[in-house]
Amino acid sequence: MKKGFTITEIVIMVVVFALLFGFTVPKFMALVHKAQEGSTKHKLVKVRSAIAAYYGEHEGTYPTDDLSCLVPAYIEKIPQATVPGYAPSAHVSTGTFEQAFTKTGGWAYVNDPADPRYGDFFVNVDRDDSYGKAWHTH
């Protein structure tokens, strides 16, 4: 009598593993995306806190550059925004809201004092997060 598995048993085992793999990978990827979202939202809060500290120390004016004036006095560095579908980027687009919101990833900062949204800092993408809220409205 031969020892080992038959072709049928091996095929069944491969099919079962493929099914398990097919069910777990999408769930895992969804968890990875949620973790990236949470990290980016935390970084958003950190930079906004640095902007608020700058605002408080400079007699009610926001930075008018690309936020490089915040480094290293208010924040160690401008962090990377990591949003699914976009390359991670620490780039800050600036100008009026229309100029800054290029929808290319990274960050956007309204540094034009004439713009009603002067001082706004947000994620520079036009997609929604996993909860259905637009990234640029966080």
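Predicted, not measured: the structure shown is a model, and the values here were computed from it. Position numbers for residues count from 1 along each chain, tracking the sequence in the order it is written. Two thresholds apply to this predicted model, a pLDDT of at least 70 for residue-level local features and 80 or more for giving and counting side-chain atom pairs, whereas whole-chain, interface and lining totals are computed over all residues. Side-chain metrics rest on all non-hydrogen atoms present in the structure, leaving aside hydrogens and water.

**Focus on the overall build of the protein**
Stage number 1. Each helix is a run of DSSP H or I of at least 4 residues and each strand a run of E of at least 2, with the numbering of both proceeding from the N terminus. From N to C terminus, the protein includes two helices and three strands.
Stage number 2. Secondary structure of the protein in N-to-C order comes out as α-β-α-β-β.
Stage number 3. Projected onto its principal axes, the C-alpha positions of the protein cover 90 × 30 × 20 Å.
Stage number 4. Under the scheme applied here, a residue whose accessible area is under 20% of the maximum for its type counts as buried, over 50% as exposed, and between as partly exposed, the area being computed with a 1.4 Å probe on protein chains only. Scored against the burial criterion, the 138 residues of the protein give a buried share of 32%.
Stage number 5. The contact criterion used throughout is that any non-hydrogen atoms of two residues lie within 4.5 Å. A separation of at least 24 residues holds for 42% of the contacts in the protein among residues at least 6 apart in sequence.
Stage number 6. Only carbon and sulfur atoms are counted for the fraction: they give 62% of the accessible area of the protein, which is about 8,800 Å².
Stage number 7. Each charge sign in the protein was given a centre, from 13 positive and 14 negative side chains, and these centres are 17 Å apart. All accessible-area figures derive from a Shrake-Rupley calculation using a 1.4 Å probe, and residue coverage is judged against the displayed protein chains alone. Neither His nor the chain termini are counted; the positive set is Lys and Arg, and the negative set is Asp and Glu. Charge positions are represented by NZ for Lys, CZ for Arg, CG for Asp and CD for Glu.

**Comments concerning the sheet that holds strand β2 (residues 107–110)**
Stage number 1. Strands were regarded as paired on the criterion that DSSP finds at least two bridges between them. Reading across from one edge, β1-β2-β3 is the order of the three strands in this open sheet, with mixed pairing throughout. Of all strands in the sheet, those bounded by a partner on one side alone are β1 (92–95) and β3 (121–123). Across the sheet, the mean angle from the axis of one strand to that of its neighbour is 25 degrees, orientation sign disregarded.
Stage number 2. Axis angles are defined between N-to-C directions and span 0 to 180 degrees, where every axis is a line fitted to C-alpha atoms and, for a helix, only to the segment in contact. Along the sheet, helix α1 (residues 7–57) contacts β2 and β3; its crossing angle with β3, the most-contacted strand, is approximately 165 degrees.

**Focus on the side chain of Ser93**
Stage number 1. In this structure, Ser93 sits in strand β1.
Stage number 2. Classification of Ser93 as buried rests on a relative accessible area of 7%.

**Quick notes on unusual backbone geometry**
Stage number 1. Here Val71 and Pro72 are connected by a cis peptide whose omega angle stands at -5 degrees.
Stage number 2. Relative to the assigned elements, Pro72 resides in the loop between α1 and β1.
Stage number 3. With a phi angle near 75 degrees, Leu67 is a residue other than glycine that sits in the positive phi range.
Stage number 4. Mapped onto the secondary structure, Leu67 falls in the loop between α1 and β1.
Stage number 5. Residue Leu67 is classed as buried on the basis of its relative accessible area, which comes to 0%.
Stage number 6. For Lys103, which is not a glycine, the phi torsion comes out positive at approximately 60 degrees.
Stage number 7. In this structure Lys103 comes out as partly exposed when scored by relative accessible area, which is 39%.

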